[in-house]
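Here is what each chain is made of, one letter per residue.
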Amino acid sequence: MAQRNNPDTSASENENPSRRLNRRMIGIVAAILVIEAAAILFLVNLTGGPTAAQADESPLALLEMADDRIVEVQVLGARLPNAKVGVTYLYDTEVYVQVRKKQEGRVTDHLDQFGNEIKAEISAIWKAADPSHFQEARLETLTRKLLVLLNDRFGNDPETGEPVLEKCVIVMGTGFRM
């Protein structure tokens, strides 16, 4: 009892030995975690890091790539009739062509100049089409006919000799009976 009242005794002597062991264990675990974190950061900094930026393309090459980009140009947006089954059906139709960006101006100028003539030729293809052509899932027959017609109109690229048009796309709704 004399020891409890004696102010000279230290607090560590009064502590339970299991408490000292717990504090020591927590200190060891914390030290191990700090060492592991430092080792991981060291390895990440040693092995990795951002690579240096390099300019691969010149501005001229970027412009050439922009000219080779494909764009869509609308050729026609109209309701086209077909009366092959004896009853007239109207089809909401949009026709687009895919061309290289460098050819877009040439194609739009030609469409502005000969738009009504092209519309009449497309309408003639629609009027002559068999009803089975409108039932095809991807409208392959009509697309093929329009691509031939439009390739004849736009011709080939004078520089490369390839056709100006890359692809023809038809967007068509279900026919409405008149």
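The structure this text deals with has already been given above.
Residues numbered from 1 in each chain as written. Predicted model: local features only at pLDDT ≥ 70, side-chain atom pairs only at ≥ 80, totals over all residues. Heavy atoms only, no water.

### Regarding the overall build of the protein
Regarding its fold elements, the protein presents seven helices and four strands. Mapped in sequence order, the helices and strands of the protein form the string α-α-α-α-β-β-α-α-α-β-β. With 178 residues in all, the protein has 23% of them scored as buried. A sequence separation of at least 24 residues applies to 67% of the contacts in the protein between residues at least 6 apart. Taken as a whole, the protein presents about 13000 Å² of accessible surface, with 54% of it coming from carbon and sulfur. (Helix = DSSP H or I, 4+ residues; strand = E, 2+ residues; numbered from the N terminus. Buried < 20%, exposed > 50% of the residue type's maximum accessible area, 1.4 Å probe, protein only. Contact = heavy atoms within 4.5 Å. Areas by Shrake-Rupley, 256 points an atom, 1.4 Å probe, with all protein chains shown as cover.)

### Focus: unusual backbone geometry
Phi angles above zero are rare outside glycine, and Leu 139 is one such case at about 50 degrees. Tracing the backbone through its elements, the reader meets Leu 139 in the loop between α6 (131-135) and α7 (140-154). A relative accessible area of 8% means that Leu 139 is categorised as buried.

### Here we look at the side chain of Thr 141
Mapped onto the elements of the fold, Thr 141 is located in helix α7. Those residues in contact with Thr 141 that lie beyond four places of it in its chain are His 133 and Glu 136.

### Examining the packing of aromatic side chains
On inspection of all chains with the given rule, the structure shows two aromatic pairs. Between the aromatic rings of Tyr 91 and Phe 134, the centroid separation amounts to 4.3 Å while the plane-to-plane angle is 10 degrees, which identifies the pairing as stacked. Placement of Tyr 91 in strand β2 (residues 89-100) and of Phe 134 in helix α6 is noted, with a sequence separation of 43 residues between them. Taking relative accessible area as the criterion, Tyr 91 reaches 8% and is therefore assigned buried. Exposure remark for Phe 134: the relative accessible area of 7% places this residue in the buried category. Through successive ring pairs, a cluster of aromatic residues spans Tyr 91, Trp 126 and Phe 134. (Phe/Tyr/Trp six-rings, centres within 6.5 Å; stacked < 30°, edge-to-face > 60°.)

### Notes on the packing of helix α5 (residues 104-128) against α7
Helix-helix packing: each pair is described by the crossing angle between the helix axes and the interaxial distance. Viewed as axis vectors pointing N to C, α5 and α7 meet at an angle of 140 degrees, and their least axial separation amounts to 11 Å. By the angle between their axes, α5 is oblique relative to α7. Relative to α7, α5 is oriented so that their crossing is right-handed. Mapping the contact onto sequence places Arg 106, Val 107, His 110, Leu 111, Phe 114, Glu 117, Ile 118, Glu 121, Ile 122, Ile 125 and Trp 126 in α5 and Leu 142, Lys 145, Leu 146, Leu 149, Leu 150, Arg 153 and Phe 154 in α7. Classifying every residue of the contact of α5 with α7 by side-chain character gives twelve nonpolar, one polar and five charged. (Axes fitted to C-alpha atoms, helices over the stretch in contact; angles between N-to-C directions. Parallel < 35°, antiparallel > 145°, perpendicular 65-115°, else oblique. Left-handed = near helix turned anticlockwise from the far one by under 90°. Nonpolar A, V, L, I, M, F, W, Y, C, P; charged D, E, K, R; others polar.)

### Remarks on the pairing of strand β1 (residues 70-82)
In terms of strand pairing, β1 meets β2 through twelve bridges, oriented antiparallel. Paired with Gly 77 across the two strands is Glu 94, which belongs to β2. Linking β1 to β2, which pair antiparallel, is a turn of six residues; within it Gly 86 sits at a positive phi near 95 degrees. (Pairing = 2+ DSSP bridges.)

### A few points about the nonpolar core
Formed by 28 residues in total, the largest nonpolar core has its most connected members in Val 75, Ile 122, Trp 126 and Leu 146. Broken down by secondary-structure element, the contributors of at least two residues to this core are β1, β2, α5, α7 and β3 (165-172). Residues in contact with Trp 126, not counting those within four places in the same chain, are Leu 80, Pro 81, Asn 82, Tyr 91, Thr 93, Phe 134, Leu 142, Leu 146, Ile 170 and Met 172. (Core = buried A, V, L, I, M, F, W, Y, C linked by side-chain atoms within 4.5 Å.)

Spatial relationships are all this shows, so hold off on functional conclusions.
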